[in-house]
Amino acid sequence: MAEVTAVSSASSARTKGRPNPLTRNLTAKIAAIPMVLTASVIFVGCTIWTVVYSFTSTRSIPRLKFVGFDQYERLWSTNRWLISIENLAIYGILSAIFSLVIGFVLAALLDQKIRFENTFRTILLYPFALSFIVTGLVWQWILNPDFGIQKVVRDLGWEGFVFNPLNNAETVIYGVLIAGLWQGTGLIMCLMLAGMRGIDEDIWNAARIDGIPKWKTYVFVIIPMMRAVFITTLVLIASGIIKVYDLVVAQTSGGPGIASEVPAKYVYDFMFGRTNLGQGFAASTMMLLSVLIVLIPWAYLEFGGKRRD
Amino acid sequence: MTDAALDAPRGPKPRPALSRRNVFLYGTLLVVSVYYLLPLYVMIVTSLKGMPEIRLGNIFSPPVEVTFEPWVKAWSSACTGLNCDGLSRGFWNSVRILVPSVVMSIAIASVNGYALANWRFRGADLFFTILIFGAFIPYQVMIYPIVILLREVGLYTDLFGLVIVHTIFGMPILTLLFRNYFTTVPEDLFKAARVDGAGFWGIYFRIMLPMSLPIFVVAIILQVTGIWNDFLFGVVYTKPENYPMTVQLNNIVNSVQGVKEYNVNMAATLLTGLVPLVIYFVSGKLFVRGIAAGAVKG
């Protein structure tokens with residue numbers, strides 16, 4: 001059937017001589033319908049819908065009864081949301097710093113023309129193939145106070161050893177961070193390594209001739225040269241962090257109490273658990289806003305100068 | 001391979017195998033590797049022990065008595081709330097979600113990328129830009145309106161509804177992947193086919209498709225791991241009997257009732273992680289290429 005449309009549009013174009021602009025490339029336009037629908041209905045339409053409804057008093061059934069910023073006022077006076085934001089900030093900042101540093105150092109180590117590079121890279125990257133659910137559950141088990149690391153160390157003789165991050169409201173988010181870093185740093189390492197491989201060998205030769213130590217070359221020459229890679233990686237990390245949801249659900253279910261809640265979980269719970277849609281919409285709009293704060297400056301830097309290429 | 005290059009020894013000066021540099025380098029990498037492998041090891045070891053042994057021993061010790069019972073139980077009789085037919089249900093649900101989602105998302109995105117690369121039309125760039133930026137919008141912003149849309153067409157909680165959702169959210173990255181690949185196909189080839197009277201589909205099926213099998217493999221890897229590991233869409237757009245494996249796994253392990261059977265939990269976790277792990281270890285470089293394409297250009 002598809003073939004038929006192609007043939008007919010091609011032949012109609014041929015008989016007309018000068019095709020009119022609407023039917024020109026007609027098949028291509030038809031083929032792009034899913035993209036057009038996704039872009040306009042889902043990405044633009046649904047986003048606007050949610051933003052608009054976040055200003056209404058909607059509870060279980062969406063109604064256009066506008067109440068201004070009421071939902072946002074309630075959101076920002078809800079303890080659970082404030083904890084979510086705090087957790088996201090701690091998790092986000094630490095995760096960005098650690099994944100960049102660890103990722104870069106590991107990439108630099110792998111970049112030393114070592115043997116078994118492929119083996120090491122395979123080992124460092126495999127957690128990335130696993131889902132956050134699997135990651136969260138494994139680390140929940142390893143950090144289990146009665147059976148995991150704490151018990152193992154106590155059995156070795158340190159009776160008073162305490163390492164129980166997941167059951168302490170103060171430290172639980174760091175327990176999630178350990179799991180998140182285990183899962184994600186391999187990817188960052190790979191991106192960094194790709195960036196390093198893109199650097200001209202002559203730079204290294206020049207540095208060697210000038211007698212500059214290797215670590216200095218990395219810090220003062222290579223890192224500035226990899227600015228673009230760093231920025232792209234950072235945007236990637238940032239947009240991933242805001243979505244953090246499954247990891248927390250699997251590892252801690254937001255507990256103990258509400259100590260490890262995150263915004264994405266707030267949205268889900270209010271939309272589908274408590275059928276308080278308005279709060280869910282307001283919270284998700286805040287998530288969108290935070291993405292835009294990261295994204296717009298980046299897009300401006302990346303594409304601003306060379307819009308028409 | 002010029003003559004000059006062969007005159008002098010090339011590369012850095014050879015170093016002794018046990019130099020301080022090497023000890024430091026390989027030592028660090030080994031320690032890091034052990035750390036990264038530890039969770040996988042713990043999962044395997046725990047899943048092969050009986051519960052009494054788990055209560056007595058430590059999580060790192062290898063099993064004294066190897067038992068596959070936790071695996072059998074995880075697969076066929078672990079309980080999630082009401083039904084007790086194990087993870088097998090979730091596994092088959094995931095397969096039934098995965099296959100059509102992968103086929104549909106790749107079919108649509110590859111044709112779309114091809115149209116964008118070779119049959120440029122007015123407005124294409126605008127929609128493509130929206131599509132790429134849409135990839136950064138948190139899913140949470142869009143999930144509820146999509147629930148309404150799916151309910152309108154009667155597909156909410158239906159597996160096919162979830163397939164559509166996966167197709168939609170896979171589209172930005174896949175379209176980018178295919179578009180970038182197709183633009184590297186020589187223009188002359190395309191023009192020659194046009195002169196020979198091949199149309200949109202003719203060129204796609206006879207030239208583009210056979211020439212770009214590697215990128216299709218990359219796309220398949222990307223989608224299979226991505227869709228298999230999905231949790232959010234599964235839990236939002238399906239009903240309990242259709243839950244994919246990840247959702248069911250979470251329900252089994254984090255269920256509050258009953259005695260915790262850690263060995264069964266770890267066997268279940270490992271079972272769920274098995275599909276992406278196998279794909280990862282088998283596909284090797286292609287996997288890296290997939291995520292790099294997804295990440296760097298995204």
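What you are looking at is a predicted structure, and each value in this text was computed from that prediction instead of being measured.

Each value, and the rule that gives it
Residues numbered from 1 in each chain as written. Chains lettered and ligands numbered in written order. Predicted model: local features only at pLDDT ≥ 70, side-chain atom pairs only at ≥ 80, totals over all residues. Helix = DSSP H or I, 4+ residues; strand = E, 2+ residues; numbered from the N terminus. Rg over C-alpha atoms; globule rule 2.2 N^0.38 Å. Buried ≥ 20, exposed ≤ 12 C-beta atoms within 10 Å, placed from the backbone. Contact = placed C-beta atoms within 7 Å. Domains from an automatic or database assignment. Nonpolar A, V, L, I, M, F, W, Y, C, P; charged D, E, K, R; others polar. Axes fitted to C-alpha atoms, helices over the stretch in contact; angles between N-to-C directions. Parallel < 35°, antiparallel > 145°, perpendicular 65-115°, else oblique. Left-handed = near helix turned anticlockwise from the far one by under 90°. pLDDT = per-residue confidence, 0-100.

**Topic: the overall build of chain A**
Right, on to step 1. Helix and strand content of chain A: 15 helices and 0 strands.
Right, on to step 2. In summary, chain A has a C-alpha radius of gyration of 26 Å against a globular reference of 19 Å for 309 residues, an excess of more than 25%.
Right, on to step 3. The principal-axis extent of the C-alpha atoms belonging to chain A is close to 90 × 65 × 40 Å.

**Some thoughts on the overall build of chain B**
Right, on to step 1. Scanning chain B for helices and strands turns up 15 helices and 0 strands.
Right, on to step 2. In summary, chain B has a C-alpha radius of gyration of 25 Å against a globular reference of 19 Å for 298 residues, an excess of more than 25%.
Right, on to step 3. The principal-axis extents of the C-alpha atoms in chain B amount to approximately 75 × 75 × 30 Å.
Right, on to step 4. Counting across all 298 residues of chain B, residues that qualify as buried make up 44%.
Right, on to step 5. Long-range pairs, those at least 24 residues apart, make up 74% of the contacts in chain B with a sequence separation of at least 6.

**A look at the domain arrangement of chain A**
Residue and element names in this part refer to chain A.
Right, on to step 1. Each domain of chain A was delimited in the assignment, giving domain 1 (2-70) and domain 2 (72-303).
Right, on to step 2. Of note, the centres of domain 1 and domain 2, computed from C-alpha atoms alone, are 35 Å apart.
Right, on to step 3. For the side of domain 1 that touches domain 2, the element with the most residues is helix α3 (residues 33-53), which contributes 4 residues.
Right, on to step 4. Grouping the amino acids of the side of domain 1 that touches domain 2 by side-chain chemistry returns 4 nonpolar, 7 polar and 2 charged.

**Let's talk about the interface of chain B and chain A**
Right, on to step 1. Residue-level contacts link 67 residues of chain B with 76 residues of chain A.
Right, on to step 2. No other element matches helix α2 (residues 20-47) of chain B, which puts 11 residues into the side of chain B that touches chain A.
Right, on to step 3. Of the residues contributing to the side of chain B that touches chain A, the split by class is 48 nonpolar, 19 polar and no charged.

**As for the environment of Ala129 of chain A**
Right, on to step 1. Along the polypeptide, Ala129 of chain A turns up in helix α6 (residues 117-129).
Right, on to step 2. Along the sequence, Ala129 of chain A and Gly186 of chain A sit 57 residues apart, while their C-alpha atoms lie 9.9 Å from each other.
Right, on to step 3. Discounting residues that sit within four places of it in the chain, Ala129 of chain A has contacts with Thr225, Pro276, Leu277 and Tyr280 of chain B.

**Let's talk about the packing of helix α6 (residues 124-134) of chain B against helix α8 (residues 159-182) of chain B**
All names here are of chain B.
Right, on to step 1. Running from N to C, α6 and α8 cross one another at 120°; their axes reach a closest spacing of 8 Å. As the angle between them shows, α6 and α8 are arranged oblique. The handedness of the crossing between α6 and α8 comes out as left-handed. Across the interface between the two elements, Leu131, Ile132 and Gly134 of α6 pack against Met171, Pro172, Thr175 and Leu176 of α8.
Right, on to step 2. Taken together, the residues of the contact of α6 with α8 break down into 5 nonpolar, 2 polar and no charged.

**Digging into the confidence of the model for chain B**
Right, on to step 1. The pLDDT averaged across chain B works out to 87; a share of 91% of its residues lies at or above 70.
Right, on to step 2. On the interface metric, ipTM, the complex scores 0.88, and its pTM is 0.87.

**Here we look at unusual backbone geometry**
Right, on to step 1. You will see that Lys113 of chain A, though not glycine, has its phi angle at about 50°, which is positive.
Right, on to step 2. A positive phi angle, close to 70°, is found at Thr157 of chain B, a residue other than glycine.

**Re the domain arrangement of chain B**
All names here are of chain B.
Right, on to step 1. The domains assigned to chain B are domain 1 (10-67) and domain 2 (88-296).
Right, on to step 2. Centre-to-centre, using C-alpha coordinates, domain 1 lies 34 Å away from domain 2.
Right, on to step 3. Contact with domain 1, which involves 8 residues of that partner, is made by 7 residues of domain 2.
Right, on to step 4. Every element with two or more residues in the side of domain 1 that touches domain 2 is listed here: α2 and α3 (51-56).
Right, on to step 5. Residue classes in the side of domain 1 that touches domain 2 are distributed as 4 nonpolar, 3 polar and 1 charged.

**Describing the environment of Ile108 of chain B**
Right, on to step 1. Looking at the secondary structure, you find Ile108 of chain B in helix α5 (residues 88-118).
Right, on to step 2. The class of Ile108 of chain B is buried, set by 22 C-beta atoms lying within 10 Å.
Right, on to step 3. Along the primary structure Ile108 of chain B and Thr167 of chain B are separated by 59 residues, whereas in three dimensions their C-alpha atoms are 8.1 Å apart.
Right, on to step 4. Setting aside residues no more than four positions away along its own chain, Ile108 of chain B makes contact with Pro34 of chain A together with Thr167 and Met171 of chain B.

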